[in-house]
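This is what each chain is made of:
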Amino acid sequence: MNNDKQLSILLVESDSNTAQLIRNTLQTVDPISVLEVASSQDELVAILDKATLPFFDILLLDLKYEAELNGPLVIDLVRNYPCTQLMPIVALASQEDFQAAMASHHPRVNSYLPKPETFEGWSHTLKLFTDYWKETLLSIRVLMI
């Protein structure tokens, strides 16, 4: 696998502690990848409004069903922008909400990840996440050439 490929990730997460944990963990397990965080719908719309291709490689979304960053509404919003219609979306759900998220599978989500409960769990999960998507996206780009 090409571990030198940079993965650009747009994280939609309203909890600043979780966003910082993901940022710190990602820097540890994959220091060359880039993470941008949108913590509100206004921030997300500002990012999407200036979007051009190439855009982010992947969207990592906290699948909360509450407040301003309601997961399904964010997914629909993101899919309405031409340069993000095909971008993979990976939804994060807490351990308690994971089964409900899987049962109500949103048709525009490519994959689901349960939120780990420890730093070691986050390290393992984000390493697998970045390795998988680097390999997958690289394979897709090769097929498109």
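Since the structure is predicted, the reported quantities are computational estimates derived from the model, not experimental observations.

Colleague: Describe the packing of aromatic side chains, and please don't skip the residues or the numbers.
Modeller: The full count for this structure, using the stated rule, is 2 aromatic pairs. When the centroid spacing of 4.8 Å and the interplanar angle of 85° are considered together, the rings of phenylalanine 55 and phenylalanine 56 count as edge-to-face. As far as the burial class goes, phenylalanine 55 and phenylalanine 56 line up, both buried. An angle of 85° between the planes, with centres 5.1 Å apart, marks the rings of tyrosine 132 and tryptophan 133 as edge-to-face. Using a relative accessible area of 8% as the deciding quantity, one classes tryptophan 133 as buried.

Colleague: Describe in detail the nonpolar core, supporting the description with residues and values.
Modeller: The nonpolar side chains of a soluble globular protein tend to be buried with one another. If you look at the biggest cluster of nonpolar residues, it comprises 23 residues, and the most contacted ones within it are Leu10, Leu44, Leu48, Phe55, Leu59, Leu61 and Val78. Listed by contribution, the elements that provide at least two residues to this core are β1 (8–12), α2 (41–49), β3 (58–62), α3 (71–79) and β4 (89–93). Top element by residues in this core is α3. It accounts for 4 residues. By size, the runner-up hydrophobic cluster in this structure holds 18 residues, among which are Val90, Trp122, Leu126 and Phe129.

What counts as what
- Residues numbered from 1 in each chain as written.
- Predicted model: local features only at pLDDT ≥ 70, side-chain atom pairs only at ≥ 80, totals over all residues.
- Heavy atoms only, no water.
- Phe/Tyr/Trp six-rings, centres within 6.5 Å; stacked < 30°, edge-to-face > 60°.
- Buried < 20%, exposed > 50% of the residue type's maximum accessible area, 1.4 Å probe, protein only.
- Core = buried A, V, L, I, M, F, W, Y, C linked by side-chain atoms within 4.5 Å.
- Helix = DSSP H or I, 4+ residues; strand = E, 2+ residues; numbered from the N terminus.

In short, shape yes, function no, at least from these values alone.
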